[in-house]
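Residue-level listing of the chains:
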Amino acid sequence: MRLTEEMNKTKFVAFSTQKGGAGKTTLTVLMASYLHYVKGVSVGVVDCDFPQYSIDEMRRRDFKNIEENKQLCRQAYDQFSRIKKKAYPVVMSRPEDAVETAKKMLEMENPPEVVFFDLPGTLNNEGVLKTVAAMDYIFCPAIADRVVMQSSMVFAKAVNDHLITTGKSNIKGLYFVWNMVDGREKTNLYDVYDNVMSELGLTALKTVIPDSKRFRREGEKEENRPLFRSTLFPPDKTLIRGSNIRELADEMLGIING
């Protein structure tokens, strides 16, 4: 009974696309860390991007960097003492077992309010399709590249046509997220793609994420510089300005909690 109640409260969310390089893993980490460590939303992450398991590997690097970097160690101690909560769990899973893996998180004393899934991009596997169908919300990272957009459109349209509009899923909404946006590019390029999305019955979030090297900045053993991408810390306050991470988190929360 308690597990059923927790499942009704917990939202399953995925950044998903079938084209690599669009930033789904980075956005998953940034949103999970910002919501958990800054916004006070309890988060869990199921890394089912088999076989690389990038987020689990990042968590291992984060712990190793803290062990080897005194400043990061102090920073971690100060943070967790202040927010009075542990790091969010990151659990590996085969894609077809991801939902069952997430259910185990809901048996925790303080179950997560949001579980992020780092999914593989293909829908060709029946197990993956079943996992995608179990999501409450899917956010599809998109970059203004013809090959990537064509792949992303095919993925989103398949999810929309075969799962959402047919009622054969839990999905309450699918949204594109413009990522790696170069401010020097002509804005009409995005207008064209937005019009195509609209014709297909798809929607893009208002928040766009700029292209910036800061999104690749992690902790290092010897370096004492601000962090941006980490499973143990939120993006640094000095780096988050202009990244639109705050705005993305607020827009997503408005959708998820709406």
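Look up a bit, the structure's there.
What you see is a predicted model, and the numbers here were worked out from it, not measured in a lab.

Conventions used here
- Each chain carries its own residue numbering, running from 1 in the written order of its sequence.
- Note on the predicted model: pLDDT of at least 70 is required for a residue's local features to be given, and 80 or more for side-chain atom pairs to be given and counted; whole-chain, interface and lining totals, by contrast, use all residues.
- Heavy atoms throughout the structure, all of them, feed into the side-chain values; hydrogens and water do not.
- Convention adopted: a line fitted to C-alpha atoms gives each axis, helices being fitted over their contacting stretch, and angles between N-to-C directions are expressed from 0 to 180 degrees.
- The secondary structure listing takes helices from DSSP runs of H or I that are at least 4 residues long and strands from runs of E that are at least 2 residues long, numbered from the N terminus.
- Small angles under 35 degrees read as roughly parallel and large ones over 145 as roughly antiparallel, with 65 to 115 read as roughly perpendicular and the rest as oblique.
- The hand of a helix crossing depends on one turn: near helix anticlockwise from the far one by less than a right angle means left-handed, and clockwise means right-handed.
- In what follows, a contact means two residues having at least one pair of non-hydrogen atoms within 4.5 Å.
- Residue polarity follows a fixed list, in which Ala, Val, Leu, Ile, Met, Phe, Trp, Tyr, Cys and Pro are nonpolar, Asp, Glu, Lys and Arg are charged, and the others, Gly among them, are polar.
- Aromatic pairs are defined between Phe, Tyr and Trp rings, using the six-membered ring for Trp, whenever the two ring centres lie within 6.5 Å; interplanar angles under 30 degrees are classed as stacked, those over 60 as edge-to-face, and all others as tilted.
- Think of it in three bands: residues with accessible area under 20% of the maximum for their type are buried, residues over 50% are exposed, and the middle band is partly exposed, with areas taken using a 1.4 Å probe on protein chains only.
- Site definitions follow a grid-based scheme: protein atoms alone, a 1 Å grid, a 1.4 Å probe that fits but cannot get out for cavities, and for pockets an open set with protein on both sides within 12 Å along at least five of seven lines, plus lining residues having an atom within 4 Å of a point.
- Grid points are joined across faces, edges and corners, and a volume is the space filled by probe spheres set on the points.

(A) Expanded view of the packing of helix H2 (residues 24–37) against helix H3 (residues 54–68). Contact pair H2 / H3: the axes reach a minimum separation of 10 Å and the direction vectors enclose 55°. As summarised for this structure, H2 and H3 are arranged oblique, according to the angle between their axes. For the pair H2 and H3, the sense of crossing is right-handed. Within the contact between the two elements, H2 uses Thr25, Thr28, Val29 and Tyr37 and H3 uses Ser54, Ile55, Met58 and Arg59. Tallied by class, residues from the contact of H2 with H3 come to four nonpolar, three polar and one charged.

(B) Spotlight on the packing of aromatic side chains. Tallied over the entire structure, the rule returns nine aromatic pairs. When the ring of Phe15 is compared with that of Phe116, the centres are 6.4 Å apart and the planes differ by 10°; the resulting orientation is stacked. Here Phe15, found in strand E1 (residues 11–15), pairs with Phe116, found in strand E4 (residues 114–118); they are 101 residues apart in sequence, far enough to count as distant. Judged by its relative accessible area of 0%, Phe15 falls in the buried class. Of the residues examined, Phe116 reaches a relative accessible area of 0% and is grouped as buried.

(C) Structural detail: the packing of H2 against helix H10 (residues 245–256). Two elements in contact, H2 and H10, have axes separated by 10 Å at closest approach and are oriented at 80°. Put simply, H2 runs roughly perpendicular to H10. For the pair H2 and H10, the contacting residues are Leu27, Leu30, Met31, Tyr34 and Leu35 in the first and Ile245, Arg246, Leu248, Ala249, Met252 and Leu253 in the second. Within the contact of H2 with H10, the residues separate by chemical class into 10 nonpolar, no polar and one charged.

(D) Broad picture of the layout of surface pockets. Looking at the largest pocket, its volume works out to about 360 Å³. If you trace the largest pocket, you find 16 residues lining it, with Val38, Arg82, Pro234, Pro235 and Lys237 closest to the centre. Of all the secondary structure elements, the ones that give two or more residues to the lining of the largest pocket are H2, helix H4 (70–83) and helix H9 (237–240). At five residues, the largest contribution of residues to the lining of the largest pocket is made by H4. In this structure, the second largest pocket spans a volume of roughly 240 Å³. Among the residues forming the lining of the second largest pocket, the class breakdown is seven nonpolar, three polar and three charged.

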